[in-house]
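Read off the chains here:
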Amino acid sequence: MTPEVTGFSKLNKHQKIDWLVANHFQNTEKAKQTLHNYWNANEQLQQLHDEFAENTLSNFYLPFSIAPNFTINNKRYTIPMTIEESSVVAAASNAAKFWNKRGGFKATVINTEKIGQVHFSFSGKKEHLNSFFKSIKSKLIAAITPIEANMKKRGGGLLDIQLRDKTQELANYYQLHCTFETVDAMGANFINTCLEKFAEVLQIEALEYDDFSDAEKNIEIIMSILSNYVPNCVVKAEVSCKVSELPNTENLSSLEYAEKFVRAINIAEKEPYRAVTHNKGIMNGIDAVVIATGNDFRAIEASAHAYAAKNGSYSSLTHAHITNDVFTYYIEIPLAIGTIGGLTSLHPMVKLALELLEKPNAKQLMEIIAVAGLAQNFGAVNSLITTGIQKGHMKMHLLNILNQHHATAEEKQKIVQFFTKNTVTHSEVIKQLALLRA
Ligand code: MEV
């Protein structure tokens with residue numbers, strides 16, 4: 001077993017790498033070389049990246065791609081996407097072009113409320129706690145005045161604080177359930193700072209509240225933290241067209257296509273096993289833009305899946321219907337993102353991505369991200385109900401297979417050419433490579 005290391009975080013980067021390779025790698029020089037290969041030659045830039053996290057030894061690349069031709073609310077966008085999965089960007093670009101000819105995407109932010117909670121235990125009388133809360137609510141609000149000043153200037157701040165009785169769920173459990181508007185910031189730091197102030201005031205005021213018994217004065221704060229579940233920070237993106245404008249092939253008429261598409265969405269609405277994969281595909285598009293724009297994809301993932309289960313069983317985030325010969329297809333998804341703060345002003349690629357999107361505010365970025373999710377889902381469902389997913393997927397995966405087998409540029413070119421007319425399978429690629437090399 002590797003011996004426990006002490007004071008590791010205080011070592012410099014070279015010392016950390018020496019410790020790492022000595023303790024974890026047979027071929028120490030090769031491991032070192034791999035880490036070094038991904039250092040940026042620009043030392044200042046490297047330092048910036050080193051300081052994003054702790055114990056940073058190197059960088060980890062993800063492709064930075066773009067999906068052009070998106071029309072959203074009658075404006076043309078080129079969407080930055082950071083994702084390693086082949087075919088995601090191609091699917092998004094194809095969907096963008098497809099819907100361009102049919103009026104483009106319409107997107108609207110439904111609401112933008114963020115949530116934070118102070119979770120605490122109180123073992124006294126509920127009526128006493130209610131009266132206490134009413135008497136100190138204005139003090140709680142006043143206590144965050146300095147914290148809120150900047151946010152208020154930008155049009156945001158605290159919306160409300162409610163005392164919530166959760167004792168049916170857990171003995172003695174109460175919350176301060178707080179709602180916020182954080183405008184163009186994701187707002188996590190702002191919310192958490194406000195919550196910790198509320199917790200402090202709650203505790204201090206309880207000690208001085210005359211109508212509490214001595215036992216009641218000791219409110220126990222368990223924790224103060226924002227919630228990543230934001231069912232009131234939701235955006236809707238939609239496309240629609242006449243059924244007759246949908247693909248019409250040898251195998252499927254436009255109407256059959258529309259009906260099969262709606263059926264596939266209905267299956268994802270009703271069947272959790274399908275819904276998880278369906279939503280995973282949506283998140284291929286969502287996460288790619290969330291990452292490229294420097295937002296927290298874990299928060300987005302957590303809230304999206306919680307929202308997908310809001311009615312008690314896990315369901316689809318997209319919906320579709322045919323009404324009066326019009327096919328309508330939409331996504332509704334919570335997206336707590338920001339265009340200021342965090343990485344947005346630090347990471348040069350994030351800055352570039354936001355510039356590419358013409359410096360959107362948070363609401364505009366919510367709309368763009370939701371559209372990327374809908375486009376992705378359209379690409380996936382379209383393939384699933386027509387050719388099957390593997391045709392396009394394997395075509396895009398072809399280069400990955402060739403790279404795994406160290407194909408030269410000439411070999412790649414010949415094999416890609418061969419597969420323009422043949423079905424890509426892993427074994428067929430290996431066979432063609434072997435034939436070329438023989
Ligand atoms: C693969 O990353 C995503 C899909 O499985 C999504 C779907 O099935 O809808 C293709």
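Our subject is the structure listed above.
Anyway, here's the lowdown on the structure attached to this text. Positions within a chain are numbered from 1, following the residues in the order the chain's sequence is written. Whole-chain, interface and lining totals are the exception, using all residues; otherwise, since this is a predicted model, local features are given only for residues with pLDDT of at least 70 and side-chain atom pairs are given and counted only at 80 or more. Excluding hydrogens and water, the side-chain figures rest on all heavy atoms present in the structure.

## A word on the overall build of the protein
Alright, step 1. Only DSSP runs of H or I covering at least 4 residues are called helices, and only runs of E covering at least 2 are called strands; the numbering of each starts at the N terminus. The secondary structure content of the protein amounts to 15 helices and ten strands.
Alright, step 2. Note on areas: Shrake-Rupley, 1.4 Å probe, and residue coverage restricted to the protein chains presented here. Summed over all atoms, the accessible surface of the protein reaches about 23,200 Å², with 52% contributed by carbon and sulfur.
Alright, step 3. Of the side chains in the protein, 43 bear a positive and 44 a negative charge, and the two mean positions are spaced by 7 Å. Think of it this way: Lys and Arg go in the positive column, Asp and Glu in the negative one, and His and the chain ends go nowhere. To locate a charge, take atom NZ for lysine, CZ for arginine, CG for aspartate or CD for glutamate.

## Focus: the sheet that holds strand β8 (residues 234–242)
Alright, step 1. One open sheet holds the four strands; their spatial order is β3-β8-β10-β9, and the pairing between them is antiparallel. Because the sheet does not close on itself, it has two edges, and the strands there are β3 (106–109) and β9 (318–323). Looking at each pair of strands side by side, their axes are set apart by 20° on average, direction ignored.
Alright, step 2. The pairing of β9 with strand β10 (residues 326–334) spans six bridges and is antiparallel. Across the sheet, residue Thr323 finds its bridge partner in β10, namely Val326. When DSSP locates at least two bridges between a pair of strands, those strands are taken to pair. What counts as an axis is a line fitted to C-alpha atoms, over the stretch in contact for a helix, and the angles between N-to-C directions run from 0 to 180 degrees.

## Overview of unusual backbone geometry
Only a minority of non-glycine residues have a phi that is not negative, and only a minority of peptide bonds are not trans.
Alright, step 1. At Asn55, a position not held by glycine, the phi torsion is positive, near 55°.
Alright, step 2. Relative to the elements of secondary structure, Asn55 occurs in the loop between α3 (43–50) and β1 (64–72).
Alright, step 3. In the Ramachandran plot, His406 falls in the positive-phi region, its phi being about 50° despite a non-glycine side chain.
Alright, step 4. Within the secondary structure layout, His406 lies in the loop between α13 (389–404) and α14 (409–418).

## Some remarks on the nonpolar core
Alright, step 1. Throughout, nonpolar core names a set of buried Ala, Val, Leu, Ile, Met, Phe, Trp, Tyr and Cys residues whose side chains join them through atoms within 4.5 Å. A 1.4 Å probe rolled over the protein chains alone gives each residue an accessible area, and that area as a share of the maximum for its type sets the label: buried under 20%, exposed over 50%, partly exposed in between. With 70 residues, the main nonpolar core has Phe70, Phe327 and Ile333 as its most contacted residues.
Alright, step 2. With 13 residues, the top contributor of residues to this core is helix α12 (residues 362–385).
Alright, step 3. Contacts are residue-level and defined by heavy atoms, with any inter-residue pair within 4.5 Å sufficient. Excluding anything up to four places from it in sequence, Phe70 contacts Lys75, Arg76, Tyr77, Ile79, Ala92, Ala96, Asn100, Phe105, Val371 and Ala375.
Alright, step 4. Judged by nonpolar contacts, the second largest core, of 32 residues, contains Phe132, Ala143, Ile161 and Leu176.

## Some remarks on helix α5 (residues 126–143)
Alright, step 1. Between its first and last C-alpha, α5 extends 24 Å over 18 residues, near the 26 Å set by a 1.5 Å rise per residue.
Alright, step 2. Roughly 45° is the biggest bend found in α5, and it falls at Ile136.
Alright, step 3. Taken together, the buried positions of α5 are Leu129, Phe132, Phe133, Ile136, Leu140 and Ala143.
Alright, step 4. Contacts from the buried residues of α5 go to β4 (113–121), α6 (145–153), β5 (157–165), β6 (173–181) and α7 (188–207). To estimate the expected span of a helix, subtract one from its residue number and multiply by 1.5 Å. Two axes define the bend at a residue: one fitted to the seven residues ending there, one fitted to the seven starting there, and the bend is the angle between them.

## Some points on the site of the ligand
Alright, step 1. Contacts to the ligand come from Glu85, Arg274, Thr277, His278, Lys280, Gly281, Asn284, Ala380, Leu384 and Ile389.
Alright, step 2. Think of a polar contact as two N or O atoms within 3.5 Å of one another; within protein, one of them needs to be a possible hydrogen donor and the other a possible acceptor, and neighboring residues in sequence only count if both atoms come from side chains. The contact in question runs from an oxygen atom of the ligand to an N or O atom on the side chain of Glu85, over 2.6 Å.
Alright, step 3. In isolation the ligand has 300 Å² of accessible area, and contact with the protein removes 82% of it.
Alright, step 4. Assessed atom by atom at 2 Å from the grid points, the ligand resides in the second largest pocket.
Alright, step 5. Where the shell around the ligand is concerned, the elements lending two or more residues are α9 (272–292) and α12.
Alright, step 6. Looking at the shell around the ligand element by element, the count peaks at six residues for α9.
Alright, step 7. For the shell around the ligand, the residue count by class is three nonpolar, four polar and three charged. What makes a residue near a molecule or strand is one non-hydrogen atom of that residue sitting within 4 Å of it. Both site types are read off a 1 Å grid over the protein atoms alone. A 1.4 Å probe that fits but cannot get out defines a cavity, while an open set with protein on both sides within 12 Å along at least five of seven lines defines a pocket; lining residues have an atom within 4 Å of a point. Occupancy of a cavity or pocket is assigned to a molecule whenever over half of its atoms lie within 2 Å of that pocket's grid points. Charged means Asp, Glu, Lys or Arg here, nonpolar means Ala, Val, Leu, Ile, Met, Phe, Trp, Tyr, Cys or Pro, and polar covers whatever is left, Gly included.

## A short note on the sheet that holds β5
Alright, step 1. Taking strand neighbours across the sheet as the criterion, the four strands line up as β5-β6-β4-β7 in an open arrangement whose pairing is antiparallel. At either margin of the open sheet sits one strand with a lone partner, and together these are β5 and β7 (220–227). The average undirected angle you get between the axes of adjacent strands in this sheet is 20°.
Alright, step 2. Looking at chain direction, β4 and β7 are connected through seven bridges and run antiparallel.

## Some details on the side chain of Glu205
Alright, step 1. Of note, Glu205 is situated in helix α7.
Alright, step 2. If sequence neighbours within four positions are ignored, Glu205 has contacts with Phe132, Ile136 and Lys139.

## Topic: the packing of aromatic side chains
The geometry of an aromatic ring pair comes down to the distance between the two centres and the angle between the two planes.
Alright, step 1. Pairing of aromatic rings covers Phe, Tyr and Trp, the last through its six-membered ring, and needs centres within 6.5 Å; plane angles under 30 degrees mean stacked, over 60 mean edge-to-face, and all others mean tilted. Across all of its chains, the model carries 21 aromatic pairs by this definition.
Alright, step 2. Aromatic pair Tyr38 and Tyr61: ring centres 4.9 Å apart, planes at 70°, arrangement edge-to-face. With Tyr38 in the loop between α2 (28–37) and α3 and Tyr61 in the loop between α3 and β1, the pair connects residues that are 23 residues apart, well separated along the chain.
Alright, step 3. Judged by relative accessible area, which is 35%, Tyr38 ranks as partly exposed.
Alright, step 4. Both rings, one in Phe122 and one in Tyr174, keep their centres 6.0 Å apart while their planes meet at 75°; by these two values the pair is edge-to-face. One end of the pair, Phe122, is in the loop between β4 and α5; the other, Tyr174, is in strand β6, with 52 residues separating them in the sequence.
Alright, step 5. Residue Tyr174 is classed as buried on the basis of its relative accessible area, which comes to 3%.
Alright, step 6. In this structure an aromatic cluster arises from ring pairing among Phe98, Trp99, Tyr257, Phe261, Phe327, Tyr329 and Phe378.
Alright, step 7. Note on criteria: charge over ring means Lys NZ or Arg CZ within 6 Å of the ring centre, with the direction from the centre no more than 35 degrees off the ring normal. The lysine or arginine in question, Lys13, covers the ring of Trp39, its NZ or CZ lying 4.5 Å from the ring centre.
Alright, step 8. Taking the ring centre of Phe98 as reference, the NZ or CZ of Arg102 above it sits at 3.6 Å.

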